[in-house]
Amino acid sequence: MTEKRVSRWYFGGIASCGAACCTHPLDLIKVHLQTQQEVKMRMVGMAVHVVKSNGVLALYSGLSASLCRQMSYSLTRFAIYETVRDMIGTTSQGPMPFYQKVLLGAFGGFTGGFVGTPADMVNVRMQNDVKLPPELRRNYKHAVDGLLACYDQAKQLVLGTGMMGDNILTHFMSSFIAGGCATFLCQPLDVVKTRLMSSKGEYTGVTHCLRETAKLGPKAFYKGLVPAGIRLIPHTVLTFMFLEQLKSHFGIRIIS
C-alpha cells in the first residue's frame, strides 16, 4: 500500500501569486524595454531610470493587476492541467506521453489566456504608465503554454535517470529547464503581445504589429530577452517549487 499526494485545483494560482510577488520588478523592466521604439536603455539603466523618476515603489506598479492575472490565467491553466493529468494518472499504468502533455498544456493555456487577458492587459498598461507623460497616463488604480508540459517532461526525465529522487533539487532543475525553454520560444510572441497591449491605436492588428516590429530587425523580436529570462526563469522555478511544497504538505491524499 502506497500513499501519494495530488495537487488541489487552486494550488497553481496560489503558487503563481507567490512567485509574482518576488519577480514583479523584473517583469516591469521587461515591459519598459519591449515598448521602446529604439534601443535607448539596457536593463540596469532602465531600472535606475524608473527608480529615479518615480521612486522604488514604481517597480511594483501593476502588482495588483499581476496578482489578478495569476488568480485568473495561472489558476485556470494549472487547475485544468493538474486535475486532468491526475485523473488520467489514476486510471493508467504509466505517465502521460509527452504529446498528450503538450496538448493538455496548450488547452489549459488557451483557456487561461481567454480568462486572464483582461487582467494581463491592465497589468501591461499599469507597468507602462509610469514612463508616459502625466497627461497621457491611463492611471489605473487596481487591478503559449507548453510550460506545464515542459516541466512535467523535464521532471520525468530527471527522475528517470535514477540519480535523483522526487525532492526540491529535482523540482528546481526541472523548473529551471522549463523556464529556459519557455523564455526562448515565447519571447517573439511576448514582444508583439506587449506592444499591442500598451499601444494607443498605433497598430491595426497583429499582422501590422509584426510588420512594424520586423522593420526594426530580427533582434527586435528578442528585445528584453535577458530581463525576460531573469524574470521568467525565477518565476517558473518559484511557481513550481511553491506548487510542489503545497502539494506535498496540503495535497489530497491518495492511497493505492
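Described in the following lines is the structure provided in the data block.

Cut-offs and rules
- Residues numbered from 1 in each chain as written.
- Predicted model: local features only at pLDDT ≥ 70, side-chain atom pairs only at ≥ 80, totals over all residues.
- Heavy atoms only, no water.
- 1 Å grid on protein atoms, 1.4 Å probe; cavity = no way out; pocket = protein on both sides within 12 Å on 5 of 7 lines; lining within 4 Å.
- Points joined across faces, edges and corners; volume = space filled by probe spheres on them.
- Helix = DSSP H or I, 4+ residues; strand = E, 2+ residues; numbered from the N terminus.
- Nonpolar A, V, L, I, M, F, W, Y, C, P; charged D, E, K, R; others polar.
- Salt bridge = Lys/Arg side-chain N within 4 Å of Asp/Glu carboxyl O.
- Buried < 20%, exposed > 50% of the residue type's maximum accessible area, 1.4 Å probe, protein only.
- Disulfide = S-S within 2.5 Å.
- Phe/Tyr/Trp six-rings, centres within 6.5 Å; stacked < 30°, edge-to-face > 60°.

Thoughts on the layout of surface pockets
The space that makes up the second largest pocket amounts to roughly 760 Å³. Every residue lining the second largest pocket is counted, 29 residues in all, and those nearest its centre are Lys4, Arg85, Asp86, Lys155 and Lys247. Only strand E1 (3-6), helix H3 (63-91), helix H5 (147-160), helix H6 (168-198) and helix H8 (225-250) provide two or more residues apiece to the lining of the second largest pocket. A per-element tally of the lining of the second largest pocket places H8 first, with six residues. Taken together, the residues that form the lining of the second largest pocket break down as eight nonpolar, 10 polar and 11 charged.

Focus on the pattern of salt bridges
In this structure the tally under the stated criterion is 10 salt bridges. The partner of Arg85 in a salt bridge is Asp86, with the nearest N and O atoms 3.3 Å apart. Judged on exposure class, the residue Arg85 and its partner Asp86 are both buried. Residue Lys155 pairs with Glu244 through a salt bridge whose shortest N-O separation is 2.8 Å. Placement of Lys155 in helix H5 and of Glu244 in helix H8 is noted, with a sequence separation of 89 residues between them.

Looking at the state of the cysteines
For the structure on display, the rule yields zero disulfides. In this structure Cys17 is not part of a disulfide, and its nearest cysteine sulfur, from Cys21, lies 6.7 Å away. Cys17 gets classed as buried once you look at its relative accessible area, which sits at 13%. Cys68 takes part in no disulfide bond, and the closest cysteine sulfur to it belongs to Cys17, at a distance of 9.2 Å. Classification of Cys68 by relative accessible area gives partly exposed; the value is 32%.

Structural notes on the packing of aromatic side chains
This structure, assessed with the given rule, holds six aromatic pairs. Pairing Tyr151 with Phe240 gives two aromatic rings, centres 3.9 Å apart and planes at 10°, and the pair type is stacked. Remark: Phe240 occurs in helix H8 and Tyr151 occurs in helix H5; sequence separation between them is 89 residues. The class for Tyr151 is buried, based on a relative accessible area of 3%. What makes Phe240 buried here is its relative accessible area of 2%. Grouped by ring-pair contacts, the aromatic residues Trp9, Tyr10 and Phe11 constitute a single cluster.

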